[in-house]
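Structure at a glance
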Amino acid sequence: MTPWTIERAGRAIRAGELTSERLTEECLAASDRFDDALGTYLARFDESALAAARQADAELAAGNDRGPLHGIPLGIKDIIATDEGPTTAQSLVQDPAWGDQGDGPVISRLRAAGAVLTGKTTTMEYAIGRPDFDKPFPIPRNPWNTERWTGGSSSGTANGVASGQFVGGLGTDTGGSVRLPAAYCGITGHKQTFGLVPKSGCIPLGLSYDHIGPMARTVWDCAAMLTVMAGADASDRTSVDRPHVDYVARLDQDLPARIAVVANPSVAASASDSMMAAFDDAVAAIERAGVEVVLLEVPHYDELANGTFLALQAEAFAWHRRQLQERWLDYGRPTRLTIAQGALISGGDLIQVERVRDIARRAVIAAMDELGVDLLLSPTTGYPATPFTGADPRAVAMSALHTPAWNAAGFPALSVPMGFDVDGLPCGLQIIGRPFADDQVLSLGHRYQQLTNWHDAVAPIHASSGGTQE
Amino acid sequence: MSDHDADPLAEVRMLLTGAGITAPDGDLASLQRVLGTARRRMERMYAVDTGDAVPAAVFRAELDGEVGR
């Protein structure tokens, strides 16, 4: 009753035990069962997905194998343009014509690798804010407890992967929006090094903090997606030309001799006891594998996080200002109030944020050099998924403070499942690396998933209904 | 101290109006409540010794369409 992974589905397809068409049909059937309850999709592409799956099968039968994503169903967060139709950003404000540009480079690469796009998934409006019950859009719900949020903002991609509605998908991450819902929904999500993956074709939130990242059940799957997604494109001047890396091939590299736990007081201060207990267990599992674990108080850690919040608001305000002037009340209240905070920041303030960003990035690298570590660990979130009503205000305020520092630094950061809290809700382990050392980050995550089986856990909504099987 | 320092609501209203935005009183009141937090966050950024550091987002002079190296 375990949902397919990209790795296992690919193996089954090549062994003749599965076809892309059957896999896609299973995913669509899962959506028929779960989409209403979970609020996964804003638009489904059933017909074109099945056509793409049949084409994938025909190509494989003819000996044309495009690689690990060939015939694999993927869900796409609906702030990323695709050829199939409009991009809504889950907003009444968004001009449907924006999506006329069609596939951006990442979508083109996934398609060229044989991926099957099943539809556009829910988000928070413009990838920011909180669930908004006042707007005519689905509310994404957590497959582990539908009275709780998925986390945001790559919400539908996370709950869709967790419930077997597609095998992998795309999210975007400006302050944690891939890693947070991945952790809340018990899946794996990777925010790669800034610039590794071009982000053109994606509606911007924080122009210099945004990332398009892979989300899937396992690190292997995310590595397979990143291998296809990475690489500069002329349409995004922030993308960086680097040698191509096969991230799957690098998964089995030796474990590092030493890693560091982020030991800043604000980490434990903004996490529940049960989250820290799960984190301690995860660190102990890695230590037992022969890795020395030391502590590092990350320099300017809180300033990096603060800077992300301040700058993304300013950058979002720059993008939204005209629409805010004309259609203030058409934005959801959480969205407009968050973006409007960008108007409270002066030009000098933003310059100072960017100066601190550069100082801090260099200081973190120097501290890692001094300690002789390439990888850092922290909990992904301070608390598990919060309920829609009656949430502990502290949990809401504190939960998302562990991810944004790495958007400002631009470092790669991965979230993998690391167990459950006292209420049976998933917890995430965050693995952070040096710029463009995504292979090391993914490798440690992969080894952790060989040491544990948290990533194999199946959400109750899927387990109870005869979902996708393998 | 300016008049706006003494009246955060007026400051928020001025900043939004200056940006061409007319927001209802309830929204202005909400933004007023977060103004202090935003200012404290900013003061922490100014407390960092940044010396002559240039901003992280630095203009590059190559033509549009060229890829970073």
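Here, the structure is the one placed above.
Since we're looking at a predicted model, the values are computed, not measured. (Residues numbered from 1 in each chain as written. Chains lettered and ligands numbered in written order. Predicted model: local features only at pLDDT ≥ 70, side-chain atom pairs only at ≥ 80, totals over all residues.)

1. Brief notes about the sheet that holds strand S9 (residues 258–262) of chain A
Residues and elements named next belong to chain A.
- An order of S1-S3-S2-S6-S8-S7-S12-S13-S11-S9-S10 is seen for the 11 strands of this open sheet, with the pairing classed as mixed. Of all strands in the sheet, those bounded by a partner on one side alone are strand S1 (41–44) and strand S10 (292–296). Across the sheet, the mean angle from the axis of one strand to that of its neighbour is 30 degrees, orientation sign disregarded.
- Bridge count between S9 and strand S11 (residues 375–379): 2 bridges; the pairing is parallel. Residue pairing for S11: Ala-260 is matched across the bridge by Leu-376.
- Here helix H3 (residues 46–61) sits on the sheet and contacts S1, strand S2 (73–77) and strand S3 (116–121); the angle it forms with S3, its principal contact strand, is near 155 degrees. (Pairing = 2+ DSSP bridges. Helix = DSSP H or I, 4+ residues; strand = E, 2+ residues; numbered from the N terminus. Axes fitted to C-alpha atoms, helices over the stretch in contact; angles between N-to-C directions. Contact = placed C-beta atoms within 7 Å.)

2. Regarding unusual backbone geometry
All names here are of chain A.
- The step from Gly-152 to Ser-153 runs through a cis peptide bond, and the omega angle for that step is 10 degrees.
- With respect to the element layout, Ser-153 can be found in the loop between strand S5 (145–149) and helix H5 (155–162).
- Here Phe-436, not a glycine, exhibits a phi torsion of approximately 65 degrees, which is positive.

3. A short note on the packing of helix H11 (residues 333–340) of chain A against helix H3 (residues 25–46) of chain B
- Relative orientation of the contacting elements H11(A) and H3(B) amounts to 50 degrees, with a least axis distance of 10 Å. Judged by the inter-axis angle, H11(A) sits oblique to H3(B). Crossing hand, H11(A) versus H3(B): right-handed. Mapping the contact onto sequence places A:Arg336, A:Leu337 and A:Ala340 in H11(A) and B:Asp27, B:Ser30 and B:Leu31 in H3(B).
- Tallied by class, the residues present in the contact of H11(A) with H3(B) amount to 3 nonpolar, 1 polar and 2 charged. (Parallel < 35°, antiparallel > 145°, perpendicular 65-115°, else oblique. Left-handed = near helix turned anticlockwise from the far one by under 90°. Nonpolar A, V, L, I, M, F, W, Y, C, P; charged D, E, K, R; others polar.)

4. A word on the environment of A:Gln449
- Structurally, the position occupied by A:Gln449 is in helix H15 (residues 438–451).
- Each C-alpha atom, one on A:Gln449 and one on A:Pro417, is 8.5 Å from the other, the two residues being 32 residues apart in sequence.

5. Side note on the packing of helix H12 (residues 347–371) of chain A against H3(B)
- Here H12(A) crosses H3(B) at 50 degrees, and the two axes come no closer than 9 Å. With respect to H3(B), the element H12(A) is oriented oblique. In this structure, H12(A) crosses over H3(B), and the sense of that crossing is left-handed. Residue-level contacts link A:Asp349, A:Gln352, A:Val353 and A:Val356 of H12(A) to B:Met42, B:Met45 and B:Tyr46 of H3(B).

6. Re helix H10 (residues 301–327) of chain A
- Taking 1.5 Å as the rise per residue, H10(A) with 27 residues should run 39 Å; its terminal C-alpha atoms sit 37 Å apart, in good agreement.
- Its maximal kink placed at A:His320, H10(A) deviates by approximately 60 degrees. (Expected span 1.5 Å × (residues − 1). Bend = angle between axes of the 7 residues up to and from the residue.)

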